[in-house]
Amino acid sequence: MPSKNFVSPLPRKEILFQVLLHGVVFVFYSYDRHNPQIESYQVVFFLTYAVAAFVINYLLLPRFLYQKKHLLFIAYVVVVIAMVIFLEEAVIEQVYFPDTRGQRFLGVFFSLWGVLPVITVLSGFKFAWDAVMKQREVDELKAAMQESELQFLKSQINPHFLFNNLNNLYSYAIDYSPQTPEIILKLSSVLRYMLYECKEKLVPLAKEIKQLENFTQLSQLQIEERGVVNFTAQTTQSDYQIAPLILIVFIENAFKHSQSGQSENIWIDIGIQLSEEGTLEFWCRNNFSVDTNTDNLASGIGLANVKKRLQLLYPNAHQLTIEETENQYEVCLSMQLTKRVRHEVYHY
């Protein structure tokens, strides 16, 4: 059986960081303006500290501190530092300073004053490095989870949209309506948009508005002479972008609930305005029959998904208000959009 490697190799960036860190710390440790040259004993002392820091950084930190075994970590650190002091007093000082410092032990606190600063700096930077890397992993995982959730929410919206509009197409085809080709043309346009554009996180606002208009006209065919639908879009800026399939959910719900209990006097008012600063104001108003069941007007799967998408994509950059009166339902959404980068290319 092949042997298992339980110790992952250090990344090159971390190796380079540690080399530079040790070099800088050694310069500060050994620098003496009265004696600028580096002595051999300074190298030996520093190597002792570096080995101790290595043991703490790559053995004790991951095995005990990061595993929340704090008491064991402290105990082993004390043992490591005690071994360094013993090695200094019993071996190194006896070799390099047999007639001075090697004659007697100056005390624990004096020894700690020489040992702790270097080891603390080397271990502290390693701890900070691990914290930064861990935060980066958390951010990447969070971004991946958000992207996965957004894709899941989109996959829920698309079948819901297709189901409603294919039902419209079926009813017209059964009656051999001359409007069937128009429905097919507009539906194919919307489907093409959903298949290609909606794979992107953000799409040009102008394209999104165009598909909202197509969808509105497509849904309006089912109303025919039973009511009035107004769709207005006032945008002078063409370089802003928006997350796809957000506004369409509110329009879809307006048509669905307006028609559910009304055979006439249906009215739906849809409006979009964009300020020069990129603030999008969207509203969608519709009437409904008070005799129908309206308990779930604001709690469908489409609305639940769009609220979650707004939280993920526009945190602290949107305001959604939903009001329901005796026979009127109104959605007002304000969003702060961003301009698209000039070099972005959208494929069709």
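Residues numbered from 1 in each chain as written. Predicted model: local features only at pLDDT ≥ 70, side-chain atom pairs only at ≥ 80, totals over all residues. Heavy atoms only, no water.

Novice: Go over the overall build of the protein chain, please, and point to the residues and values.
Specialist: Helix and strand counts for the protein chain stand at eight helices and eight strands. Here the protein chain holds 348 residues, and 38% of them are scored as buried. Contacts in the protein chain between residues far apart in sequence, at least 24 positions, make up 72% of those at least 6 positions apart. A total accessible area of about 21,200 Å² is found for the protein chain, and carbon and sulfur atoms account for 60% of it. (Helix = DSSP H or I, 4+ residues; strand = E, 2+ residues; numbered from the N terminus. Buried < 20%, exposed > 50% of the residue type's maximum accessible area, 1.4 Å probe, protein only. Contact = heavy atoms within 4.5 Å. Areas by Shrake-Rupley, 256 points an atom, 1.4 Å probe, with all protein chains shown as cover.)

Novice: Any details on the sheet that holds strand S7 (residues 328–336)? Residues and values, ideally.
Specialist: Strand pairing in a sheet relies on backbone hydrogen bonds, with the paired strands running either antiparallel or parallel. Reading across the sheet, the five strands line up as S2-S4-S5-S7-S6 and stay open at both edges, with mixed pairing between neighbours. Across the chains shown, the open sheet's two edge strands, defined by having one partner strand only, are strand S2 (227–234) and strand S6 (318–324). On average, adjacent strands in this sheet sit at an angle of 5 degrees to one another, irrespective of strand direction. Direction of pairing for S2 relative to strand S4 (residues 266–274): parallel, over a ladder of eight bridges. Residue pairing for S4: Val229 is matched across the bridge by Ile268. The strands touched by helix H6 (residues 205–223) are S2, S4 and strand S5 (279–287); relative to S2, the strand with the most contacts, the crossing angle is about 175 degrees. (Pairing = 2+ DSSP bridges. Axes fitted to C-alpha atoms, helices over the stretch in contact; angles between N-to-C directions.)

Novice: Which residues make up unusual backbone geometry, and what are the values?
Specialist: The phi dihedral of Lys68 falls on the positive side, at around 65 degrees, and the residue is not glycine. Examined against the element boundaries, Lys68 turns out to sit in the loop between helix H2 (40–65) and helix H3 (70–96). Look at Leu245: it is not a glycine, yet its phi comes out positive at around 60 degrees. If you trace the backbone, Leu245 turns up in the loop between strand S3 (240–242) and helix H7 (247–260). The buried category is assigned to Leu245, whose relative accessible area is 3%.

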